[in-house]
Amino acid sequence: MKMGINMMGQDISLDMSMGGHMSYKVTDVKDTIYDLEVCYDSISIKMNLMGRNMDFSSEKVGDLNDMMSKMMSTMKNKTFNMKMSKKGKIIEITNMDSLYSDFFKMSSLSEEQKIQMKTQMDKSFGEESLKSNMGLTCEIFPYNPVEIGDKWT
């Protein structure tokens, strides 16, 4: 994503790339709707803001000051739920708070910082963002029928 922002009369450019790997498990099928358990296997964000490069990843564990990467690492392997039509349309995403719960339990951030961090993560990984982004990626299914417990690449 490339974005231009005008903040207090100053033009600011932001180049951002988000990536990650996810796992999906079909837990139920009702008529034309799949119930899925979904989890992140890895997450990353790279951005350049006003010439400053930033790299956040769930795989970075050494830098204690890198709160974004630390939060991403606590989001790994946490399941949330999704309902998807057989055509790939995301109907509903629930249980998103499970992604952040461990981070906020162990974090020494102030309440204000926690709210700010959660707001920032909700914009990138919240229900509305996921519905939009996953809608683009979930339109590709295997050619054979999918049943409860099936996996596909």
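Just above sits the structure.
All figures in this text were calculated on a predicted structure; none of them were measured in a lab. (Residues numbered from 1 in each chain as written. Predicted model: local features only at pLDDT ≥ 70, side-chain atom pairs only at ≥ 80, totals over all residues. Heavy atoms only, no water.)

Draft legend 1. Here's a closer look at the overall build of the protein chain. Broken down by element type, the protein chain carries 4 helices and 6 strands. For the protein chain, the α and β elements follow one another from N to C terminus as β-β-β-β-α-β-β-α-α-α. Reported as C-alpha extents along the three principal axes, the dimensions of the protein chain are approximately 50 × 35 × 25 Å. Counting across all 153 residues of the protein chain, residues that qualify as buried make up 35%. Surface accessibility of the protein chain: about 9,800 Å² in total, with carbon and sulfur atoms responsible for 52%. Looking at the protein chain, you have 19 positive and 22 negative side-chain charges, and the mean spots of the two groups are 1 Å apart. (Helix = DSSP H or I, 4+ residues; strand = E, 2+ residues; numbered from the N terminus. Buried < 20%, exposed > 50% of the residue type's maximum accessible area, 1.4 Å probe, protein only. Areas by Shrake-Rupley, 256 points an atom, 1.4 Å probe, with all protein chains shown as cover. Lys, Arg positive; Asp, Glu negative; His and termini not counted. Charge placed at Lys NZ, Arg CZ, Asp CG, Glu CD.)

Draft legend 2. The arrangement of the pattern of salt bridges in detail. All told, the structure shown has 6 salt bridges when counted by the stated rule. When the shortest N-O distance is used, the salt bridge between K2 and D15 registers 3.8 Å. Of this pair, K2 sits in strand β1 (residues 2-7) while D15 is found in strand β2 (residues 10-30), placing the two residues 13 residues apart along the sequence. According to the relative accessible area criterion, K2 is exposed, its value standing at 71%. Of the charged contacts, one joins D35 and K83 as a salt bridge, the two residues approaching to 2.8 Å between their closest N and O atoms. With D35 in strand β3 (residues 33-49) and K83 in strand β5 (residues 79-85), this residue pair connects regions lying 48 residues apart in the sequence. (Salt bridge = Lys/Arg side-chain N within 4 Å of Asp/Glu carboxyl O.)

Draft legend 3. Molecular detail of unusual backbone geometry. Its identity as a non-glycine residue notwithstanding, M50 has a phi of 55 degrees, on the positive side. Along the chain, M50 turns up in the loop between β3 and β4 (52-57). In this structure, N77 takes a positive phi of about 65 degrees despite not being glycine. Relative to the elements of secondary structure, N77 occurs in the loop between α1 (67-75) and β5.

Draft legend 4. Spatial organisation of the nonpolar core. Counting residues in hydrophobic clusters, the biggest one holds 33 residues, and the most contacted among them are M71, M75, F80, M82, I93 and M121. Sequence-distant contacts of M121, defined by excluding residues within four places in its chain, comprise M68, M71, M72, M75, Y100 and G126. (Core = buried A, V, L, I, M, F, W, Y, C linked by side-chain atoms within 4.5 Å. Contact = heavy atoms within 4.5 Å.)

Draft legend 5. Structural view of the pairing of β2. For β1 and β2, the ladder comprises 6 bridges, and the chain directions are antiparallel. Directly across from M7, in β2, lies its bridge partner Q10. In this structure, the hairpin formed by β1 and β2 is closed by a connection of 2 residues, where M8 is found at a positive phi of approximately 50 degrees. Counting the residues in the hairpin turn of β2 and β3 gives 2 residues, including D31, whose phi is positive at 55 degrees. (Pairing = 2+ DSSP bridges.)

Draft legend 6. Quick look at α1. Burial within α1 is extensive, with 7 of its 9 residues counted as buried. Residues M67, M68, S69, M71, M72, T74 and M75 constitute the buried set of α1. Remark: N77 follows α1 within two positions and exhibits a positive phi of approximately 65 degrees.

Draft legend 7. Molecular detail of the environment of Q116. The topology assignment puts Q116 in helix α3 (residues 111-125). Each C-alpha atom of the pair Q116 and K86 lies 36 Å from the other, and the pair is 30 residues apart in sequence.

Draft legend 8. Examining the side chain of D66 more closely. By the element assignment, D66 lies in the loop between β4 and α1. Look at D66 and you get buried, because its relative accessible area is 9%. Those residues in contact with D66 that lie beyond four places of it in its chain are D55, F56 and K60.

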